[in-house]
Amino acid sequence: MPQIKCNVTECHYNQDVMCHASMIQVDRNGVSKASMSPQTKCETFKPKG
Ligand code: SF4
């Protein structure tokens, strides 16, 4: 797994602004073809606690 820097510190998998999930799933965010990063999203996100 390459190192993934992630600013979503409220995610269960986030430690010190790095992702520690063994894998992540990224998907399009409500579009059929993404052309910019806001049109993608991390599906692996899970809230802390
Ligand atoms: S699972 Fe997704 S949202 Fe959570 S820390 Fe990893 S990259 Fe960020």
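Keep in mind it's a predicted model, so treat the numbers as computed, not measured. (Residues numbered from 1 in each chain as written. Predicted model: local features only at pLDDT ≥ 70, side-chain atom pairs only at ≥ 80, totals over all residues. Heavy atoms only, no water.)

(A) How the structure looks around the site of the ligand. Close contacts around the ligand come from C6, C11, Y13, N14, C19, I24, C42, T44 and F45, and that covers them all. When atom positions are compared with the pocket grids, the ligand is found to occupy the largest pocket. Residues belonging to the shell around the ligand are distributed by class as follows: seven nonpolar, two polar and no charged. (Near = heavy atom within 4 Å. 1 Å grid on protein atoms, 1.4 Å probe; cavity = no way out; pocket = protein on both sides within 12 Å on 5 of 7 lines; lining within 4 Å. Sits in = over half its atoms within 2 Å of the grid points. Nonpolar A, V, L, I, M, F, W, Y, C, P; charged D, E, K, R; others polar.)

(B) The layout of surface pockets, seen in detail. Approximately 190 Å³ is the volume attributed to the largest pocket. Contributing to the lining of the largest pocket are 14 residues, with C6, V8, C11, C19 and C42 lying nearest its centre. The class makeup of the residues in the lining of the largest pocket is 11 nonpolar, two polar and one charged. (Points joined across faces, edges and corners; volume = space filled by probe spheres on them.)

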